[in-house]
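# Examination of the molecular architecture
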Amino acid sequence: MTGDFSLWVYLARTPLLWLTVTLTAYVAADRIAVATGRHPLANPVLFSVVFVAAVLAISDTPYPTYFEGAQFVHFLLGPATVVLAFPLYERRATVMRALLPMLAALAAGAAMTLLVVIVLARLFSLPQPLVVSLAPKSVTSGVAMGIAETLGGDPTLTAILVILTGIIGAILVTPMMERLGITDMRARGFAAGLAAHGIGTARAFQVSEVAGTFAGIAMGLNAFLTAILAPVALHLLR
């Protein structure tokens, strides 16, 4: 037992271990999603978070130690976002035909997200750092953390809120669109990317390549617009 514990202590400090744990958790979670026919509740990101959190809790491993090994996955978020440009280019004609409706939906979605934050801040008298951290919750994590840090929020809290928003959005988007009778994959994808950033975009690609393309567009444009509107909205609260 002592030898096994010593071996675990050694492995726990090896960055490669936590990269392996992260990838294994996602592969297992994706297998579960496939087994359920990609049911919205069987979201791979949600299951991966639960799996990794359980391992960290059981092994009593601090997050900085885990992130030292898993940061390679974090680094790949940037290239993965850039890769979304390929389906956009392939479907550029379809995108251009829907340009005006997309811009209108973008403006409405970004404004509504910030309006909800303002209303919550007014109703519950939320502290300013929490409001700042909450404002970019529908933006992809890298941009959201940058916005929060620049405006005086807590980037770590923002990252948590962004992930929760993405998971909830990815779970709800398909049944909600079906309940509303929205069958246009362009609209469904754009809504997913606008409200649930990268995680919603991943879910959109599972449903349809067209939906995924429009989700990627929404994710990118929303990040740009929120970076402009968030400081203005937060200034109104002061």
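None of these values were measured; they are calculated from a predicted model. (Residues numbered from 1 in each chain as written. Predicted model: local features only at pLDDT ≥ 70, side-chain atom pairs only at ≥ 80, totals over all residues. Heavy atoms only, no water.)

One pass over the full model with this rule turns up 2 salt bridges. Note that R38 is salt-bridged to D30, the shortest N-O span being 2.7 Å. Here R38 falls in the partly exposed class, since its relative accessible area comes to 26%. (Salt bridge = Lys/Arg side-chain N within 4 Å of Asp/Glu carboxyl O. Buried < 20%, exposed > 50% of the residue type's maximum accessible area, 1.4 Å probe, protein only.)

Bringing the environment of V34 into the picture now. Assignment of secondary structure puts V34 in helix α2 (residues 15–35). In sequence terms V34 and P44 are 10 residues apart; their C-alpha atoms lie 9.5 Å from each other. (Helix = DSSP H or I, 4+ residues; strand = E, 2+ residues; numbered from the N terminus.)

Time to look at the packing of aromatic side chains. According to the stated counting rule, one finds 4 aromatic pairs in the structure shown. Here F47 and F51 contribute two aromatic rings whose centre-to-centre distance is 6.2 Å and whose plane-to-plane angle is 75°, an arrangement assigned as edge-to-face. Of this pair, F47 and F51 both sit in helix α3 (residues 44–59), 4 residues apart, which is roughly one turn of that helix. Between Y63 and Y66, the ring centres sit 5.9 Å apart and the planes meet at 45°, which makes this aromatic pair tilted. A residue pair is termed a helical-turn pair when its members lie 3 or 4 positions apart in one helix, as Y63 and Y66 do in helix α4 (residues 63–75) at 3 residues. With a relative accessible area of 51%, Y63 lands in the exposed category. The structure contains a cluster of three or more aromatic residues connected by ring pairs, namely W18, Y63, Y66 and F67. (Phe/Tyr/Trp six-rings, centres within 6.5 Å; stacked < 30°, edge-to-face > 60°.)

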